[in-house]
Amino acid sequence: MRVVKYVIIGNSAAGIGAVEKIRQLDKSGEITIISSEPHHTYSRPLISYLLQGKTDEQRMKYRDDDFYKRNKCTFLAGKTVTKICPDNKYVELDDKKTIPYDKLLVAAGSSAFVPPIEGLDTVKDKFTFMSLDDARKLQASLGKEKKVLILGAGLIGLKCAEGILDKVKEITVVDLAPRILSSILDDEGARIVQDHLERKGMKFILSSGVKTFDGNTAILDNGASVDSDILVIAVGVRPNTKLLAGIADIDKGIIINDRCETSAKDIYAAGDCTQSVDVSTGQSKIMALLPNAYMQGECAGANMAGADMSFAKAIPMNAIGFFGLHIITAGSYYGDVYTDKKDGGYKKLFYGSDRLNGYILIKNVDKAGIYTSLIRERTPLSSIDFSLICERPGLMAFTKEERVRKLGGADL
Amino acid sequence: MKRVYVNEKWCLACHLCEYYCTFAGTGEKDMARALKGIRTNPRIKIEEKDDISFAVSCRHCKEPLCVKGCITGALTVSDGVVTINSDKCISCFTCILCCPYGAISYADDKTVLKCELCIRTADRTPACVKGCPNGAIVFEERG
Ligand SMILES: Cc1cc2nc3c(=O)[nH]c(=O)nc-3n(C[C@H](O)[C@H](O)[C@H](O)COP(=O)(O)OP(=O)(O)OC[C@H]3O[C@@H](n4cnc5c(N)ncnc54)[C@H](O)[C@@H]3O)c2cc1C
């Protein structure tokens, strides 16, 4: 049989998921993985833990040092794909080299969105927080006498804040939204987390944006001003879709089906650069999270290698913690609400039409995955003891037959 | 591959499996001494309600969502056993978010706890199975 040439753009969760699956199914195909970043594959979410001193560059590697060798794949580090030629089936690199493919995966991730704010060019020390190089640069400019302004109270902005809080003099976080972590928390939950972060020493200015920068001074749209030595821009990310412009269907992200195929023949896409159906709402959207990226990459890899795999269970889902306060959320927040605020914790379950749609857990996050699976699997709530599972997630809420299957191995 | 399976009909809710599991994790010789005064952090846990009880521990799934979802690469599969590299784990709890069995837990903010089928122990037989007085937890090959 002819040796298949697999080319993968992006050396992170989605790309690695594809490599692992392809190698499992095809021992002889040629795999080339290309990355603009000149590093061994690393865990992107760990960059804040790196600054915090909770990991180091060796331990934050996403796979072992022998990963490329073991999977017999060629890793082109520090090379950027500038063009895809679907007619002649090759990609072109920034050094003008071309690489032919039979099956191509675009796992190009996302980039920080930098809003066009007047005077931004006058700010000397400004950073985004998306990559190991970003983290190294930010680290080099930290100091106990420095004041930091973070634009964006989302996951990335706040993880950055946690990572550097005790390395700087003070941190102020500004966000247009009226609450922090607005993509995963409701007002009440956000309040709990904000109080916790304020107690640790962070300052927040919400429902406000920066109108102009004048060197080290940010003038807010409410007229107030904030002085800082370091600016971190974390207002959001945008999928890297450019490579497929004019080649495949793109909405906000690259559109993929359940097999992670794009609309272009033999071109697949996975991870943060894509948009796909969220089963908790049935709507197509961007779900830029690592577990989804890995599983889409794996699914794309399987199909590239000739198998038939489908990944139709994507939902937004997130586990995040700040200074020991854990938050787990998943799905979408609509329908009836079950609330529980026992023992200083916070639980909300959103349900309707016999299905669990979403949940928020703060502090007590035990067995959260049982709720996640009810959403992912669209389990009819009438088939379980819903009032019991509302109180505490557990296998006890399932029927005896179902438990026997789960614990007796039939489901594996 | 051999896995731990549970037969809830025989479970007495005696919680001995939890003690044996914690003990196996201490590396000590004498159980009573090893467990004296410590908070038990078993990797297997009993669920109980009214007269029903059963033990839950990692199923070592063939398609483990925790491993796929792990953001650090700390969870891997080796010879079918889902293992945790506590050196890499930063306790983000993404595995707890992903596990449909509720089989991953935590004790502190250093690393998560999960059953590794006692592969690191001398006789490679799970301590919970050896310690179960009623044969409600077994270690066997099933399809
Ligand atoms: C600070 C931070 C914290 C996070 N925390 C969490 C968390 O706790 N949980 C969670 O689930 N997710 C988290 N995320 C999101 C998570 O990192 C992403 O969902 C995940 O990395 C997506 O993987 P990916 O493979 O799709 O893309 P990416 O990780 O973005 O990787 C894409 C790669 O492709 C390369 N590339 C792009 N274009 C080209 C090109 N033309 N040529 C060559 N190479 C190219 C890029 O350089 C990059 O290396 C966090 C992100 C950040 C920044």
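Residues numbered from 1 in each chain as written. Chains lettered and ligands numbered in written order. Predicted model: local features only at pLDDT ≥ 70, side-chain atom pairs only at ≥ 80, totals over all residues. Heavy atoms only, no water.

Per an unreviewed UniProt entry, chain B goes by 4Fe-4S ferredoxin-type domain-containing protein and derives from Herbinix hemicellulosilytica.

The name given to chain A in an unreviewed UniProt entry is FAD/NAD(P)-binding domain-containing protein, with Herbinix hemicellulosilytica as the source organism. Reading the Cofactor (unreviewed entry) entry of the UniProt record for chain A gives the comment "FAD". (UniProt positions renumbered as here; feature names shortened; annotations may be inferred.)

A. Region of interest: helix α8 (residues 368–376) of chain A. All names here are of chain A. Where burial is concerned, most of α8 is hidden: nine out of the nine residues are buried. Of all the positions in α8, only A368, G369, I370, Y371, T372, S373, L374, I375 and R376 are classed as buried. Positive phi appears at R378, one or two residues downstream of α8, with a value of about 50°. (Buried < 20%, exposed > 50% of the residue type's maximum accessible area, 1.4 Å probe, protein only. Helix = DSSP H or I, 4+ residues; strand = E, 2+ residues; numbered from the N terminus.)

B. Quick look at the interface of chain A and chain B. The interface is formed by 50 residues belonging to chain A together with 39 residues belonging to chain B. Of the roughly 3,700 Å² buried at the junction of chain A and chain B (both faces included), carbon and sulfur atoms supply 60%. Counting the contacts that link chain A with chain B gives four salt bridges. Counting the contacts that link chain A with chain B gives 14 residue pairs in polar contact (both at pLDDT 80 or more). (Contact = heavy atoms within 4.5 Å. Buried area = accessible area lost by both parts, 1.4 Å probe. Salt bridge = Lys/Arg side-chain N within 4 Å of Asp/Glu carboxyl O. Polar contact = N/O pair within 3.5 Å; in protein donor to acceptor, adjacent residues only side chain to side chain.)

C. Fine view of the pattern of salt bridges. Residues and elements named next belong to chain A. Evaluation of the coordinates by the stated rule reveals 37 salt bridges over all chains. R191 is the salt-bridge partner of D195, the closest N and O atoms lying 2.9 Å from each other. Of this pair, D195 and R191 are both found in helix α6 (residues 187–199), four residues apart, which corresponds to roughly one turn of the helix. Salt bridges sharing partners connect three or more residues here, namely K89, K103, K265 and D266.

D. Examining the UniProt feature "domain: FAD/NAD(P)-binding" (unreviewed entry) in chain A more closely. With numbering matched to this structure, UniProt assigns "domain: FAD/NAD(P)-binding" (unreviewed entry) to residues 5–297 of chain A. Annotated as 22% helix and 28% strand, the span residues 5–297 of chain A places its first and last C-alpha atoms 17 Å apart.

E. Broad picture of the domain arrangement of chain A. All names here are of chain A. Structurally, chain A comprises domain 1 (5–110 + 238–304), domain 2 (120–235) and domain 3 (324–406). If you average the C-alpha positions of domain 1 and of domain 3, the two centres end up 32 Å apart. Between domain 1 and domain 3, the contact holds five residues from the first and seven residues from the second. Around 380 Å² of area is buried between domain 1 and domain 3 when both sides are counted, 49% of it from carbon and sulfur atoms. For the domain 1 face of the interface with domain 3, the top three residues by lost area are V279, S280 and T281, together amounting to 84%. Applying the counting criterion to the domain 1 and domain 3 interface returns zero salt bridges. Inspection of the region where domain 1 meets domain 3 yields four residue pairs in polar contact (both at pLDDT 80 or more). Class assignment for the residues of the side of domain 1 that touches domain 3 results in two nonpolar, two polar and one charged. (Domains from an automatic or database assignment. Nonpolar A, V, L, I, M, F, W, Y, C, P; charged D, E, K, R; others polar.)

F. Spotlight on the pairing of strand β1 (residues 2–6) of chain B. Residue and element names in this part refer to chain B. The buried fraction of β1 amounts to four of the five residues, a majority that puts the element mostly inside the structure. Both β1 and strand β8 (residues 137–141) contribute to a ladder of five bridges, which runs antiparallel. Bridging from a neighbouring strand, K2 pairs with E141 of β8. (Pairing = 2+ DSSP bridges.)

G. Focus on the domain arrangement of chain B. All names here are of chain B. Split by domain assignment, chain B resolves into domain 1 (1–57 + 126–143) and domain 2 (60–114). The partner domain 2 presents twelve residues to the ten residues of domain 1 that form the contact. Buried surface at the junction of domain 1 and domain 2, both sides included, amounts to about 800 Å², of which 54% is carbon and sulfur. Together, M1, R3 and R43 form the three largest contributors to the area buried by domain 1 at its contact with domain 2, with a combined 55%. Here domain 1 and domain 2 share zero salt bridges between them. For the side of domain 1 that touches domain 2, the residue count by class is three nonpolar, three polar and four charged.

H. Looking closely at the sheet that holds strand β16 (residues 230–233) of chain A. All names here are of chain A. Read across the sheet, five strands follow the order β9-β16-β10-β11-β12 without closing on themselves; strand pairing throughout is parallel. This sheet does not close on itself; its edge strands, each paired only once, are β9 (126–128) and β12 (203–205). Direction aside, the axes of adjacent strands within the sheet are offset by 20° on average. Relative to β12, strand β11 (residues 170–174) runs parallel, the two being bridged by three bridges. The partner of V173 across the bridge, within β12, is F204. Here helix α5 (residues 155–164) sits on the sheet in contact with β10 (147–151), β11, β12 and β16, set at roughly 165° to β10. (Axes fitted to C-alpha atoms, helices over the stretch in contact; angles between N-to-C directions.)

I. Just the site of the ligand, in detail. All names here are of chain A. The ligand sits among 31 residues. The nearest are S12, E37, R44, V81 and D272. Within the backbone of S36, a nitrogen or oxygen atom sits 3.0 Å from a nitrogen atom of the ligand. Contact between the ligand and R44: an oxygen atom at 2.7 Å from a side-chain N or O atom of the residue. In the complex, the protein chains occlude 91% of the 1,000 Å² of accessible area that the ligand would expose alone. Breaking the shell around the ligand down by element, the ones donating at least two residues are α1 (13–25), β2 (30–35) and α7 (290–304). Per-element tally for the shell around the ligand: the top contributor is α7, with three residues. Residue composition of the shell around the ligand, grouped by class: 19 nonpolar, eight polar and four charged. (Near = heavy atom within 4 Å. Areas by Shrake-Rupley, 256 points an atom, 1.4 Å probe, with all protein chains shown as cover.)

J. Structural detail: the nonpolar core. Within the largest apolar cluster, 162 residues are counted, with the highest numbers of intra-cluster contacts made by I84, V91, V106, L138, I180, V193 and Y359 of chain A. Counting residues per element, this core draws most heavily on α7 of chain A, which supplies seven residues. (Core = buried A, V, L, I, M, F, W, Y, C linked by side-chain atoms within 4.5 Å.)

K. The arrangement of the sheet that holds strand β4 (residues 81–85) of chain A in detail. Residue and element names in this part refer to chain A. The sheet built from three strands is open, its strands ordered β4-β5-β6 with antiparallel pairing. Of all strands in the sheet, those bounded by a partner on one side alone are β4 and β6 (98–100). In this sheet, adjacent strand axes meet at a mean angle of 20° when their direction is disregarded. Across three bridges, strand β5 (residues 90–93) lies against β6 in antiparallel orientation. What sits directly across from V91, in β6, is I99.

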